[in-house]
Amino acid sequence: MQHPTRREVMTSVPVAAWLGAGLSGAALAQVSVAPGREGEPEQGPDVRAPGGMPGGGRGDARGSLVQRMLAQAYQNDQYHLPALPYPYDALEPHIDAETMKLHHDRHHQSYVDGLNRAISHEKQLQAGAEIDADRLAGIQRDLSFNAGGHLLHTVFWAVMGSGQDNRPMGQIAEAINAQFGSFDSFRNLFTKVAVGVKGSGWAAMMYEPVGDRLFIYQINEHDAHLAPGAIPLLPLDVWEHAYYLKYGPARAEYVQAWWNVVNWNVVDESFQWMRTRRQEAAIMTAGR
Ligand code: MN
């Protein structure tokens, strides 16, 4: 049995860099692990689709919906709020239009603004004669919180849609069955993770490229309890702002309803894209 050398693992870890979809910029570099070394792609993949608006359904020449939304999420050296790929009321009756409007236009926008602000604060701090440790700690907190919020919300919008058939298909279905036994057991586990978040946070199925595995993480706020390099495939926001207008304190009812709007087509497309990126980054896995 052949194990990857330490160097092979180290060179493959900065996943944000090989995803290269905007969020590989200054902010995620701050919360990523080892800096890139030899063996890393020279530059990120070209996922930008100038003028391309996200639509539903299958990926086309301009890339998958997740790719296109990520391309909108960072443009011209700034983070941006990507457009919702459907109208505010598209997820009714499960998620109401008013919640979607406030959540996207106000809450997500505040994370985008907070991220850009944190980056500029860090630049200002660097420009000074001496870096104040307390200010730096606050900025680091803001970077991580807002970068997590921006990435999670961008993918969250992409993986929902109206008129879904509620069951995974394609490679993601195979991977879920292989790792969790069945879709039903996956869904039960994910639901428990989501309902059990203490306070504000997320449940998220993440792609972990070193092991080519799926993980379900319970995320506090936007950024706690995450492995470096894991990429959100299917995040579910369980902050109160995501459901309180319609469901009040009944988070479990919101989570149950949310399964009706998951766009598995997009999740599968995104999973395949991530795996392709992984192959191109030549991440080594023993015994395969
Ligand atoms: Mn939110």
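Here the residue numbers are simple positions, counted from 1 along each chain's written sequence. Local features are withheld for residues below a pLDDT of 70 in this predicted model, meaning they are given only at 70 or higher, and side-chain atom pairs are given and counted only at 80 or more; totals for whole chains, interfaces and linings count all residues. Hydrogens and waters are ignored; side-chain quantities use all the structure's heavy atoms.

S.K.: Just checking my understanding: could you explain the packing of aromatic side chains for this structure?
M.R.: The geometry of an aromatic ring pair is captured by the separation of the ring centres together with the interplanar angle, meaning the angle of the planes. Stacked, tilted and edge-to-face are the three classes assigned to paired rings of Phe, Tyr and Trp, where Trp is represented by its six-membered ring and a pair needs centres within 6.5 Å; plane angles under 30 degrees give stacked, over 60 edge-to-face, the rest tilted. Under the criterion given, the structure shown has 21 aromatic pairs. Judged by centre distance (6.3 Å) and plane angle (70 degrees), the rings of Phe186 and Trp264 are edge-to-face. Highlighted residues: Phe186 in helix H8 (residues 183–195) and Trp264 in helix H11 (residues 264–280), separated in sequence by 78 residues. In this structure, Phe186 and Trp264 share a single accessibility class: buried. Where Phe190 meets Trp259, the ring centres are 5.3 Å apart and the plane angle is 70 degrees; that geometry is what we call edge-to-face. In this pair, Phe190 is assigned in helix H8 and Trp259 in the loop between helix H10 (251–258) and H11, connecting sequence segments 69 residues apart. Throughout, exposure labels follow a simple rule: accessible area from a 1.4 Å probe, protein chains only, divided by the maximum for the residue type, with under 20% read as buried, over 50% as exposed, and the rest as partly exposed. The class for Trp259 is buried, based on a relative accessible area of 4%. Grouping aromatic residues by their ring pairs yields a cluster made of Phe180, Phe183, Phe186, Phe190, Trp258, Trp259 and Trp264. Note on geometry: a ring has a charge over it if NZ (lysine) or CZ (arginine) is within 6 Å of the ring centre and within 35 degrees of the ring normal. Over the face of the ring belonging to Tyr247 we find Lys246, whose NZ or CZ atom lies 5.7 Å from the ring centre. Helix numbering and strand numbering both begin at the N terminus, where a helix is a DSSP run of H or I of at least 4 residues and a strand a DSSP run of E of at least 2.

S.K.: How do you make sense of the pairing of strand E4 (residues 213–220) when you look at a structure like this?
M.R.: The side chains of a regular strand alternate between the sheet's two faces. Strand direction decides the pairing type here: strand E3 (residues 201–208) and E4, joined by eight bridges, are antiparallel. Residue pairing for E4: Gly201 is matched across the bridge by Asn220. Only when DSSP finds a minimum of two bridges between them are two strands counted as paired.

S.K.: How should unusual backbone geometry be read in this particular structure?
M.R.: Most peptide bonds are trans, and most residues other than glycine sit at a negative phi. At the junction of Glu92 and Pro93, the peptide bond is cis and its omega measures out at 0 degrees in the coordinates. The topology assignment puts Pro93 in the loop between strand E2 (78–79) and helix H5 (97–127). Backbone geometry at Asp212 places phi at a positive 55 degrees, although glycine is not the residue there. With respect to the helices and strands, Asp212 occurs in the loop between E3 and E4. Backbone geometry places His225, a non-glycine residue, at a positive phi of 75 degrees. Mapped onto the secondary structure, His225 falls in the loop between E4 and strand E5 (231–237).

S.K.: How should I be thinking about the coordination of the manganese ion in this particular structure?
M.R.: When four donors bind a metal tetrahedrally, each ideal donor-metal-donor angle is 109.5 degrees, and when six bind octahedrally, the ideal angles are 90 or 180 degrees. Atoms of type N, O and S within 2.8 Å of a metal are treated as its donors, and for Na, K and Ca the window is 3.2 Å; water is not considered, so some sites may appear to be missing partners. Bound to the manganese ion on the protein side are His103 (NE2), His153 (NE2), Asp237 (OD) and His241 (NE2), at distances that span 1.9 to 2.2 Å. Expressed as a motif, the donor residue spacing for the manganese ion is H-x49-H-x83-D-x3-H. Pair noted here: His153 is in helix H6 (residues 133–158) and Asp237 is in strand E5, with a separation of 84 residues, a long-range link. Owing to a relative accessible area of 0%, His153 belongs among the buried residues under this scheme.

S.K.: How should I be thinking about the packing of helix H7 (residues 170–180) against H11 in this particular structure?
M.R.: Contact geometry for H7 and H11: axes closest at 7 Å, N-to-C directions at 85 degrees. Classified by the interaxial angle, the pair formed by H7 and H11 is roughly perpendicular. Contacts from Gly170, Gln171, Ile172, Ala175 and Ile176 of H7 reach H11 at Trp264, Val267, Asp268, Phe271, Gln272 and Arg275. A class-by-class count of the residues in the contact of H7 with H11 yields six nonpolar, three polar and two charged. Comment: axis = line fitted to C-alpha atoms, over the contacting stretch for helices; angle = value between 0 and 180 degrees taken between N-to-C directions. Each angle gets one of four labels, with under 35 degrees taken as roughly parallel, over 145 as roughly antiparallel, 65 to 115 as roughly perpendicular, and the rest as oblique. Throughout, a contact is declared for two residues whenever any of their heavy atoms are within 4.5 Å. All amino acids are sorted into three groups, where Ala, Val, Leu, Ile, Met, Phe, Trp, Tyr, Cys and Pro are nonpolar, Asp, Glu, Lys and Arg are charged, and the leftover types, Gly among them, are polar.

S.K.: I would appreciate a short explanation of the pattern of salt bridges in the present structure.
M.R.: Pairing between side chains of opposite charge can happen when their charged atoms approach one another. Here, a salt bridge means any Lys or Arg side-chain nitrogen found within 4 Å of an Asp or Glu carboxyl oxygen. Tallied over the entire structure, the rule returns six salt bridges. Salt-bridge contacts for Lys101 lead to Asp105; the nearest nitrogen and oxygen are separated by 3.1 Å. A residue pair is termed a helical-turn pair when its members lie 3 or 4 positions apart in one helix, as Lys101 and Asp105 do in helix H5 at four residues. Taking relative accessible area as the criterion, Asp105 reaches 23% and is therefore assigned partly exposed. For Glu221, the salt bridge goes to Arg141, with nearest N and O atoms at 2.5 Å. You can see Glu221 sitting in the loop between E4 and E5 and its partner Arg141 sitting in helix H6, a full 80 residues away along the chain. Through salt bridges with shared partners, a single network forms among Arg141, Glu221 and Asp223.

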